[in-house]
Amino acid sequence: MKKYKVGLLTMSDGRSYLHETQFEMNMQYQNAIKAALEATGQVEVVAGTAPINSNTAAKEEAMRLKDAGVELTIFNYAIWCYPQFSAVAANYAPGPYILFCNIHPSECGMVGMMAAAGTFDQLGVQYERIWGKIEDPEVLRRVMAFIRAAASVGRLRGNTYGNFGGRPMGMYTAVANLDQWQKMFGIDVEDIEQYDIVRYGEMVSDDKVKKARLWLEEHARTVGYNDSNFTPEKLETQIRSYYGLRNIIDERGLDFVGIKAHGDLTDWYVTVDLAEAFLNDSYDMDGEHEPIVAATESDMDGALTMQIFKYMTGKPVLFADVRHYEQSENVWFFGNSGTSATYYAGGSEDPYENMKYVSLLPESKDYPAGGGSVHYFAAPGKVTMARLARKKDKYYLTLVPAEIVQFDREKMEKLGGMATPQWPVAFTKVAPSAETFLKYYPCNHIHGVYGDYIEEWKTVAKLLGIEVQILDESFK
């Protein structure tokens, strides 16, 4: 994923003799912020050429950031500075904004930041106040959390969602309003017939398909062919569905997609579990690629949640059903036949490490068309789970701190066999009680990534103007 492009402007005193006296100190603070952000490997900083000490300089420097295409802007305060310069710069420099200041007792950066913050409050400008030394890991974490959140919201604008097949199996929660998506997120929706997947798949060369099949047979833990619904020919059809989708996505400029599959493709073509898995992965049978969010069952709000996660982390995103709660182990079974990126089998950046835990098993008899289900037990680790949903046409966000756990292989197979044995499972312990989770979680689909992204999501909600509920131990 491309780096976050962040603007950085340092404000100064409008009195020329003080501006000149403190010029070098101001630049040292600015250079320290630039160096710390770029050292993360995630940020490209477009910095001001000099501290801003006039309305003219504020306009010129801010317009330079706009022309450079920055995704948000940091206003840096190391001394007392005229708040009017921040107000003028905000007319041109792209927001949202971080107002950042030092906490040195003999320098007035905090005073300058507070004056600018009050100005922005009066003007109704969205911003975040952060203070301290950028070299402090906690301060840098807060800055990066805001950057990830703000850029994630910004990157949604101009996206096109490819909606293959429409509403699945009567799910209201899988369908969103086009007008609302455009107004709130800047996303367009293109409806596409699922038959295009078949048509484009048929155009893929036999050699390319065979090469991909051999790769899967070599690197998967198991490819469990049988004589009926999962044969090498069925697997090749699944591979064609993947390449067909990739070609449609490229041709139509789609940023993320949802695929109905159920009741149509699953009845007369083949299951698209394999295609959905490798779209969401950061690799496929040919090598690395940027993850392409693909939600099974055309779940629009699920795909939206996943797309924000992707922009926030650059990683594949987990999609699952809230399938079962096993009281004896205090563990939830999160799993779904589709959209299960193989990344979660090992949690590794190395595809071969992940694939050695992945089995392709004959699909459930519920899907007459057959094919292979992408089966694994998700690798352990702390995760952040989330879901954007609606009540009375208003979006709200649910966050669930959680941890994926594992047991010994025999026990996992026994537990997984209680549900659908061939489907992937993330055995998960969630922060709230089972009663709280079932009472307040909004729907049947859940999404997540490894790591703690609660602060990022809270900022996303603030920027979008939506309410948040965090289902943790203290939730009531």
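Cut-offs applied
- Residues numbered from 1 in each chain as written.
- Predicted model: local features only at pLDDT ≥ 70, side-chain atom pairs only at ≥ 80, totals over all residues.
- Heavy atoms only, no water.
- Pairing = 2+ DSSP bridges.
- Helix = DSSP H or I, 4+ residues; strand = E, 2+ residues; numbered from the N terminus.
- Axes fitted to C-alpha atoms, helices over the stretch in contact; angles between N-to-C directions.
- Contact = heavy atoms within 4.5 Å.
- Core = buried A, V, L, I, M, F, W, Y, C linked by side-chain atoms within 4.5 Å.
- Buried < 20%, exposed > 50% of the residue type's maximum accessible area, 1.4 Å probe, protein only.
- Patch = residues over 30% accessible without salt bridge, like charges linked within 9 Å, V, L, I, M, F, W, Y side chains within 5 Å.
- Areas by Shrake-Rupley, 256 points an atom, 1.4 Å probe, with all protein chains shown as cover.
- Salt bridge = Lys/Arg side-chain N within 4 Å of Asp/Glu carboxyl O.
- Polar contact = N/O pair within 3.5 Å; in protein donor to acceptor, adjacent residues only side chain to side chain.
- Phe/Tyr/Trp six-rings, centres within 6.5 Å; stacked < 30°, edge-to-face > 60°.
- Lys NZ or Arg CZ within 6 Å of the ring centre and 35° of its normal.
- Parallel < 35°, antiparallel > 145°, perpendicular 65-115°, else oblique.
- Left-handed = near helix turned anticlockwise from the far one by under 90°.
- Nonpolar A, V, L, I, M, F, W, Y, C, P; charged D, E, K, R; others polar.
- Arc of directions from axis to C-beta.

Visitor: Help me out: how do you make sense of the sheet that holds strand S8 (residues 222–223) in this one?
Guide: Sheet strands associate in pairs through backbone hydrogen bonding, adopting either a parallel or an antiparallel arrangement. Taken together, the three strands give an open sheet; going across it, the order is S8-S15-S16, and neighbouring strands pair in mixed fashion. Edge positions in the sheet fall to S8 and strand S16 (372–375), since each of these pairs with one other strand and no more. The sheet contact formed by strand S15 (residues 359–362) and S16 spans four bridges and is antiparallel. Residue Leu360 lies in a different strand from S16, and its bridge partner there is Val374.

Visitor: So what exactly am I meant to see when it comes to the sheet that holds strand S3 (residues 72–77) here?
Guide: An order of S2-S1-S3-S4-S5 is seen for the five strands of this open sheet, with the pairing classed as parallel. Taken across any chain shown, the strands that pair with only one partner, and hence form the sheet edges, are strand S2 (43–47) and strand S5 (127–131). Put simply, the sheet's adjacent strands are angled 25 degrees from each other on average, direction ignored. Note that strand S1 (residues 4–11) and S3 share six bridges and pair parallel. Bridged to Gly7 within S3 is Thr73. Where helix H6 (residues 137–156) meets the sheet, it contacts S1, S2, S3, strand S4 (97–101) and S5, and its direction lies at approximately 165 degrees from that of S5.

Visitor: How should the nonpolar core be read in this particular structure?
Guide: What tends to happen in soluble globular proteins is that the nonpolar side chains get buried as a cluster. With 126 residues, the main nonpolar core has Leu37, Ile147, Trp181, Leu216 and Trp457 as its most contacted residues. When residues in this core are grouped by element, the largest group, eleven residues, is from H6. Apart from residues no more than four positions distant in its own chain, Trp457 is found in contact with Thr305, Ile308, Phe309, Met312, Thr384, Ala386, Leu388, Leu397 and Leu399. In this structure, Met11, Ala58, Tyr77 and Leu99 belong to the second largest nonpolar core, which totals 25 residues.

Visitor: When you look at unusual backbone geometry in this model, what are you seeing that I'm missing?
Guide: Peptide bonds are trans in most cases, and residues, glycine excluded, mostly fall at negative phi. Note that the residue after Gly95, namely Pro96, is joined by a cis bond; omega there is 5 degrees. Note on placement: Pro96 falls in the loop between helix H4 (83–89) and S4. A positive phi is found at Glu297, a non-glycine position, where the angle reads about 60 degrees. Inspection of the secondary structure puts Glu297 in the loop between strand S12 (294–296) and helix H13 (300–313). Even without glycine at this site, Asp393 takes up a positive phi of about 75 degrees. Here Asp393 is to be found in the loop between strand S17 (381–391) and strand S18 (394–404).

Visitor: How should I be thinking about a nonpolar patch on the surface in this particular structure?
Guide: On the surface, Ile103, Met110, Met114 and Trp131 cluster together into a nonpolar patch covering about 400 Å² of accessible area. Position of Met110 relative to the elements: it lies in helix H5 (residues 109–123). On the accessibility criterion, Met110 (39% relative accessible area) is partly exposed.

Visitor: Would you mind showing me how to read the side chain of Thr384 here?
Guide: Relative to the assigned elements, Thr384 resides in strand S17. Taking relative accessible area as the criterion, Thr384 reaches 2% and is therefore assigned buried. At 2.6 Å, the side chain of Thr384 forms a polar contact with the backbone oxygen of Gly451. In contact with Thr384, not counting residues within four places along its chain, are Phe309, Val400, His447, Gly448, Val449, Gly451, Asp452, Tyr453, Ile454 and Trp457.

Visitor: Looking at this model, I keep getting lost on the packing of aromatic side chains. Mind explaining?
Guide: Working definition: an aromatic ring pair is given by the centre-to-centre distance plus the angle between the planes. Taken as a whole, this structure holds 30 aromatic pairs when the rule is applied. Ring geometry for Phe334 against Phe437: centres 6.2 Å apart, planes inclined by 35 degrees, an arrangement best described as tilted. With Phe334 in strand S14 (residues 331–335) and Phe437 in helix H17 (residues 434–440), the pair connects residues that are 103 residues apart, well separated along the chain. Judged by its relative accessible area of 2%, Phe334 is buried. Judged by relative accessible area, which is 1%, Phe437 ranks as buried. Taken together, Trp215, Tyr242, Tyr243, Phe278, Tyr283 and Tyr352 form an aromatic cluster joined through their ring pairs. Sitting over the face of the ring of Tyr243, Lys208 holds its NZ or CZ atom 4.4 Å from the ring centroid. For the cation-ring pair, Lys391 lies above Tyr396, with the distance from its terminal atom to the ring centre recorded as 5.1 Å.

Visitor: Whenever I open this one, the packing of helix H9 (residues 206–219) against helix H10 (residues 232–252) confuses me. Can you help?
Guide: The axes of two packed helices give the description: the angle between them and the distance between them. The contact between H9 and H10 brings their axes to 9 Å, and the two run at 110 degrees. With respect to H10, the axis of H9 lies roughly perpendicular. Handedness of the crossing formed by H9 with H10: right-handed. Contact with H9, carried on its side by Asp206, Lys208, Val209, Lys210, Ala212, Arg213 and Leu216, involves Pro232, Leu235, Glu236, Ile239, Arg240 and Tyr243 of H10 and no other residues of that element. Classifying every residue of the contact of H9 with H10 gives seven nonpolar, no polar and six charged.

Visitor: Looking at this structure, I do not really get helix H16 (residues 409–416). What am I missing?
Guide: Residues three or four positions apart in an α-helix share a direction because the helix packs 3.6 residues into each turn. Among the residues of H16, Met412, Leu415 and Gly416 are the ones counted as buried. All buried residues of H16 project into a common sector of 95 degrees when viewed along the axis, lining one side. The exposed residues of H16 that point more than 90 degrees off its buried face are Glu410 and Lys414. Buried residues along H16 sit against strand S13 (318–326), S14 and strand S19 (426–430).

Visitor: Could you clarify how one ought to interpret the pattern of salt bridges in this entry?
Guide: Pairs may arise between side chains of opposite charge once their charged atoms sit close together. As enumerated under the stated definition, the model contains 26 salt bridges in all. Among the salt bridges present, the one from Glu128 reaches Lys462, with a minimum N-O distance of 3.3 Å. Within this pair, whereas Glu128 is found in strand S5, its partner Lys462 is found in helix H18 (residues 454–464), the two being separated by 334 residues in sequence. Between Glu290 and Lys310 there is a salt bridge, with the nearest N and O atoms lying 2.9 Å from each other. With Glu290 in the loop between strand S11 (287–288) and S12 and Lys310 in helix H13, this pair connects stretches of sequence that are 20 residues apart. Residues participating in the shared-partner salt-bridge network are Glu190, Asp196, Arg199 and Arg252.

Read these as geometric descriptors, not functional statements.
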